[in-house]
Amino acid sequence: IGNAPTPEFAAMMVEECQRLLERLADPDLQVLAAAKLEGYSSQEIAAPFGCSLRTVERQLRLIRKRWQQEPPP
């Protein structure tokens, strides 16, 4: 038994992430959410977007709110 996820679990996670990103509809929100999921800090995300840290945090709150309203698959 190792720490690595099974291939089936990894595939399920990829599909779920893709589904959630697609539900955001806004390409900017999709890129921002993907960057956060990849482990980038809010500050690291703000620079390429050309926006403030506060804007990134506000957008992340919006993303979380939308995802929390998502019905389970």
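Residues numbered from 1 in each chain as written. Predicted model: local features only at pLDDT ≥ 70, side-chain atom pairs only at ≥ 80, totals over all residues. Heavy atoms only, no water.

(A) Region of the structure containing the overall build of the chain. Helix and strand counts for the chain come out as four helices and zero strands. Listed by position from the N terminus, the elements making up the chain come as α-α-α-α. Judged by the C-alpha coordinates and their principal axes, the chain covers about 45 × 30 × 15 Å. Across the chain, contacts joining residues at least 24 apart in sequence account for 50% of those joining residues at least 6 apart. Carbon and sulfur atoms make up 57% of the accessible area of the chain, which totals about 5,700 Å². Put simply, the chain has 9 plus and 10 minus side-chain charges, and the middle of one group is 12 Å from the middle of the other. (Helix = DSSP H or I, 4+ residues; strand = E, 2+ residues; numbered from the N terminus. Contact = heavy atoms within 4.5 Å. Areas by Shrake-Rupley, 256 points an atom, 1.4 Å probe, with all protein chains shown as cover. Lys, Arg positive; Asp, Glu negative; His and termini not counted. Charge placed at Lys NZ, Arg CZ, Asp CG, Glu CD.)

(B) Region of interest: the environment of Leu-60. Assignment of secondary structure puts Leu-60 in helix α4 (residues 53-68). C-alpha separation for the pair Leu-60 and Leu-32, spaced 28 residues apart in sequence, amounts to 7.8 Å.

(C) Fine view of the environment of Leu-32. With respect to the helices, strands and loops of the structure, Leu-32 is situated in helix α2 (residues 27-37). A C-alpha to C-alpha distance of 17 Å links Leu-32 and Val-14, two positions 18 residues apart in sequence. What Leu-32 contacts, discounting residues up to four positions off in sequence, is Ile-45, Phe-49, Val-56, Gln-59, Leu-60 and Ile-63.

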